[in-house]
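# Results of the structural survey
One-letter residues, chain by chain:
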Amino acid sequence: MSLLSVRNLSVAFPTQNGWFQAVEGINLTVNPNEILAIVGESGSGKSVAMLALMNLLPPQARITCDELVLDGKNLLQLTATERRRLNGGTVAMIFQEPMTSLNPCFTVGYQIDEAVKTHVGGGRKERKEQVLSLLESVGIPDPARRYDAYPHQMSGGMSQRAMIAMALAGQPKLLIADEPTTALDVTVQAQILELLLKLQQQFQMGLILITHDMGVVAETAQQVVVQYAGQQVEKNSAYELFNHPHHPYTAALLSALPERALPTGLLPTIPGLVPGQHNRPQGCLFAPRCAYQQARCQTEVPALAQQQQGWIRCFYPLETETML
Amino acid sequence: MSEVLRAEQLCRYYSVPQGFTKPKAVVRALNGVSFNLQAGQTLAIVGESGCGKSTLARALTLIETPSAGELWIDGKPIDFTHKPSAELRRTIQIVFQNPYGSLNPRQTIQQMLDEPLLLNTTMSKSERRQAVATMLERVGLRPEYAERYPHMFSGGQRQRIAIARALMLKPQIVVLDEPVSALDLSVRAQILNLLTELQQELGLAYVFISHDLSVVERIADQVLVMYFGRVVEYAPKTTIFARPQHPYTQALFSATPQARVGEKRERIHLQGEPPSPLKPPSGCAFNPRCRFTQTICKDELPELRNLEGSQVACHLAPIG
Ligand SMILES: Nc1ncnc2c1ncn2[C@@H]1O[C@H](COP(=O)(O)OP(=O)(O)OP(=O)(O)O)[C@@H](O)[C@H]1O
Ligand SMILES: Nc1ncnc2c1ncn2[C@@H]1O[C@H](COP(=O)(O)OP(=O)(O)OP(=O)(O)O)[C@@H](O)[C@H]1O
Ligand code: SF4
Ligand SMILES: [Mg+2]
Ligand SMILES: [Mg+2]
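Residues numbered from 1 in each chain as written. Chains lettered and ligands numbered in written order. Predicted model: local features only at pLDDT ≥ 70, side-chain atom pairs only at ≥ 80, totals over all residues. Heavy atoms only, no water.

## Considering the nonpolar core
In terms of nonpolar packing, the biggest core is built from 68 residues, with A:Ile112, A:Val138, A:Ile164, A:Met214, A:Phe242 and A:Tyr249 touching the most fellow members. It is helix α6 (residues 156-168) of chain A that contributes the most residues to this core, 8 residues altogether. Here this core spans two domains, since at least three of its residues come from each of domain 1 (4-221) and domain 2 (227-312) of chain A. Those residues in contact with A:Met214, other than ones at most four positions away along the chain, are A:Val39, A:Phe242, A:Leu253, A:Leu254, A:Leu257, B:Leu185 and B:Ala259. Counting 41 residues, the second largest nonpolar core, distinct from the first, contains B:Met135, B:Ala146, B:Leu183 and B:Val215. (Core = buried A, V, L, I, M, F, W, Y, C linked by side-chain atoms within 4.5 Å. Buried < 20%, exposed > 50% of the residue type's maximum accessible area, 1.4 Å probe, protein only. Helix = DSSP H or I, 4+ residues; strand = E, 2+ residues; numbered from the N terminus. Domains from an automatic or database assignment. Contact = heavy atoms within 4.5 Å.)

This is how it looks when you write it as structure tokens:
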């Protein structure tokens, strides 16, 4: 049985000129011990979709969903309080900015201890041991000393580690990491990613990794979802996606990467811009920028459908053979 | 080819307060950096956050005065005791790290691009208007955008505006501080192409600061790797990518994820994190994180020396 199953999740925000559809009809399945990456350009709805799962969006957001099952529980039937209780327990989230989860006014040890107290329990001494072992497992040197440190006394990499320790405190079955390494240096990023993968294995967690770094995706994920303007346009195994992208957007995005393009001459680019609230196309959202679009793409909306090896939202997906 | 930029042992120190009781500390943000750059070429500067890349950019573009060292722009030595001439300032321009913060929100694009011409040239109003229109077109923006304000543009468009502004005075050298880091993948490719085209067309020399090695590999001719204010490796691009010599460069290159499945490289694990600028390690600044450290590394500062076509500051190289 899958750990997480989401069907047809949509999120809209009220604006001065009506509703803005930030997330549209998202489906997700994450199995225990699986790493799923969500990629897409800024504003494609990656964070909003995850915040909707965690029930962390502001109240004015309009969220609709046909199915939301986590670890066998139907979240749609739970009250807000019951759902909040799952956060930090069954499911935990880590963010790009450690300071969004760590409170600058309390020591790191105290904050992790609070999380252990809420989600696991145990006596004071037991919990302290648990916190120290968490700090140790995220690679913080000298945990006993760091226990009493305040977040601002630690470097970016160290506070990221502390935040991961806090996320793990409730022994989550699903960990959602939203750009966990974007703010870090390359060498520190490598350390943190390595750590996340090790812990994911060790605790047999499902992991949803949000990033715009295709390199990170290629090296870590088993399954990949590509989002464009709030929609999923392609879902596939990492191997298939990187070797045979089928959606024209995925293909265009990958070929625009300097490391995948021919070494000389200009880089392939995608003309135009991501649609905004007021110029959302009628048909396929990618049609105005798509090199393969036909008349039908302007008027009809393609559905995310199982085609070839993966799920693709396109009337004219690229065949494996036509790919370079 | 002619040399348009030369730096010799450039240094820039900052004194930073440490609270009321302690004396001010000195941060050696830039600590003896030397290189030269030919017309039409691109020198990439790479290194971790805080290693002094932006400090170097500000020194090169005469925004800040170096604490020590020498600089030649277009063959002329710079006299830092005098205010740089308008002529000199025109020669070298900068595109700042943050495309959102670097444009004045109260100026239209027209005003923004017109300003350098107004201050530095004797062009008439209609000539300037024409020059702005030509430049907008050149960087791929529509002429009618001239009357709009920065907030009406996307990140990629703002970066085009920043590039346009840097080019208004027809510089020979442009210093680009992380010009594509804040941009989305597809926009990044557009801006990189624009920079390539402009370089070919105008013979520009670029100092290109970036932490993205895939971008560096694509556009650089020379690569200079900095660590903690110093050059640890300086080499032609093909040489350094074929064989990184310094242990830090090796770790950095191996830590960069590749957007390919199934080609996972052997990764060099670095211990720890970059040192605090207030507590510089003795000897080689990389020694606390290096996997090869010997006694000499803790005692002596390694000098840059020639090694198989690269300049490397490591006691033990060749190694690894
Ligand atoms: N609270 C909110 N009210 C209104 N609009 C919002 C709100 N939060 C997000 N949005 C909008 O929803 C869209 C999706 O945002 P989201 O943060 O999910 O993007 P993302 O894919 O995570 O991008 P990034 O890569 O930049 O993090 C954006 O256009 C954003 O402006
Ligand atoms: N005006 C200043 N006063 C004091 N210290 C400064 C000043 N400007 C920079 N520094 C310090 O100098 C060092 C180098 O900073 P710099 O901004 O040049 O790094 P960078 O390589 O550009 O980093 P990043 O990749 O984060 O942009 C840092 O330790 C920084 O804190
Ligand atoms: S000098 Fe020593 S410490 Fe520095 S990089 Fe070389 S081997 Fe490592
Ligand atoms: Mg986001
Ligand atoms: Mg900088």
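And the narrative resumes.
## Overview of the packing of helix α3 (residues 109-120) of chain B against helix α5 (residues 155-167) of chain B
Residue and element names in this part refer to chain B. Relative to each other, α3 and α5 sit at 25°, their axes nearing to 8 Å. Taken together, the axes of α3 and α5 are roughly parallel relative to one another. In this structure, α3 crosses over α5, and the sense of that crossing is right-handed. Contacts between α3 and α5 involve Ile109, Met112, Leu113 and Pro116 from the first element and Ile161, Ala164 and Arg165 from the second. Looking at the contact of α3 with α5, its residues break down into 6 nonpolar, no polar and 1 charged. (Axes fitted to C-alpha atoms, helices over the stretch in contact; angles between N-to-C directions. Parallel < 35°, antiparallel > 145°, perpendicular 65-115°, else oblique. Left-handed = near helix turned anticlockwise from the far one by under 90°. Nonpolar A, V, L, I, M, F, W, Y, C, P; charged D, E, K, R; others polar.)

## Observations concerning the coordination of the magnesium ion (ligand 5)
All names here are of chain B. The protein atoms that coordinate the magnesium ion (ligand 5) are Ser54 (OG) and Gln97 (OE1), at distances spanning 1.9 to 2.5 Å. Of the two residues, Ser54 sits in helix α1 (residues 53-60) while Gln97 sits in the loop between β6 (92-95) and α3, which places them 43 residues apart along the sequence. Among the residues examined, Ser54 registers a relative accessible area of 19% and is labelled buried. (Donors = N, O, S within 2.8 Å, 3.2 Å for Na, K, Ca; no water.)

## Observations concerning the sheet that holds strand β8 (residues 174-178) of chain A
Residue and element names in this part refer to chain A. Strands sit in the order β7-β8-β9-β3-β10-β11-β13-β12 across an open sheet of 8 strands; the sheet is mixed. Strands with a single pairing partner mark the edges of an open sheet, and in this sheet they are β7 (91-94) and β12 (305-307). Strand-to-strand twist in this sheet, taken as the mean axis angle between neighbours without regard to direction, amounts to 20°. Direction of pairing for strand β3 (residues 35-40) relative to strand β10 (residues 223-228): parallel, over a ladder of 5 bridges. Paired with Val39 across the two strands is Val226, which belongs to β10. Where helix α10 (residues 248-255) meets the sheet, it contacts β10 and β11 (231-237), and its direction lies at approximately 100° from that of β10. (Pairing = 2+ DSSP bridges.)

## A short note on the domain arrangement of chain A
Residue and element names in this part refer to chain A. Domain parsing of chain A yields domain 1 (4-221) and domain 2 (227-312). Domain 1 puts 24 residues into the contact, and the matching count from domain 2 is 17 residues. Of all residues in domain 1, Glu24, Glu41 and Met214 give up the largest surface area on contact with domain 2, accounting jointly for 33% of the area buried on that side. Linking domain 1 with domain 2 are 1 salt bridge. Between Glu24 and Arg280 there is a salt bridge, with the nearest N and O atoms lying 2.8 Å from each other. Our count for the contact surface shared by domain 1 and domain 2 stands at 10 residue pairs in polar contact (both at pLDDT 80 or more). (Buried area = accessible area lost by both parts, 1.4 Å probe. Salt bridge = Lys/Arg side-chain N within 4 Å of Asp/Glu carboxyl O. Polar contact = N/O pair within 3.5 Å; in protein donor to acceptor, adjacent residues only side chain to side chain.)

## Side note on the pattern of salt bridges
Under the counting rule described, the total for this entry stands at 22 salt bridges over all chains. Here A:Lys173 and A:Asp71 are joined by a salt bridge, their closest N and O atoms 2.9 Å apart. Taken together, the residues span a long stretch of sequence, with A:Lys173 in the loop between α6 and β8 and A:Asp71 in the loop between β5 (67-70) and β6 (73-74) at a distance of 102 residues. Note on A:Asp71: relative accessible area 26%, which makes it partly exposed. As a salt-bridge pair, B:Arg267 and A:Glu219 come within 2.7 Å of each other at their nearest N and O atoms. Of the two residues, B:Arg267 sits in the loop between α9 (247-255) and α10 (295-299) while A:Glu219 sits in helix α8 (residues 214-220), which places them in two different chains. Residue B:Arg267 is classed as buried on the basis of its relative accessible area of 16%. Residue class for A:Glu219 comes out buried when judged on its relative accessible area of 14%.

## Comments concerning the environment of A:Leu51
Residue and element names in this part refer to chain A. Residue placement: Leu51 occurs in helix α1 (residues 46-53). For Leu51 and Ile208, which are 157 residues apart along the polypeptide, the C-alpha to C-alpha distance reads 12 Å. Not counting the four nearest positions on each side in its chain, Leu51 is found in contact with Leu56, Leu57, Met93 and Phe95.

## Description of the site of ligand 3
Around ligand 3 lies a shell formed by B:His246, B:Pro247, B:Cys284, B:Phe286, B:Asn287, B:Cys290, B:Phe292, B:Thr293, B:Cys297, B:Cys314, B:His315 and B:Leu316. Class assignment for the residues of the shell around ligand 3 results in 8 nonpolar, 4 polar and no charged. (Near = heavy atom within 4 Å.)

## Quick word on the interface of chain A and chain B
At the interface, 43 residues of chain A touch 35 residues of chain B. Both faces combined, the contact of chain A with chain B buries some 3400 Å², and carbon together with sulfur accounts for 55% of it. Of all residues in chain A, A:Thr187, A:Glu219 and A:Glu259 give up the largest surface area on contact with chain B, accounting jointly for 20% of the area buried on that side. Taken together, chain A and chain B are joined by 2 salt bridges. Between chain A and chain B we count 16 residue pairs in polar contact (both at pLDDT 80 or more) in total. At the level of elements, α6, α7 (186-202), α8 and α9 (238-243) of chain A are the ones that each hand at least two residues to the side of chain A that touches chain B. Broken down by element, the side of chain A that touches chain B gets its largest block of residues, 7 residues, from α7(A). In the side of chain A that touches chain B, the residues fall into 23 nonpolar, 12 polar and 8 charged.

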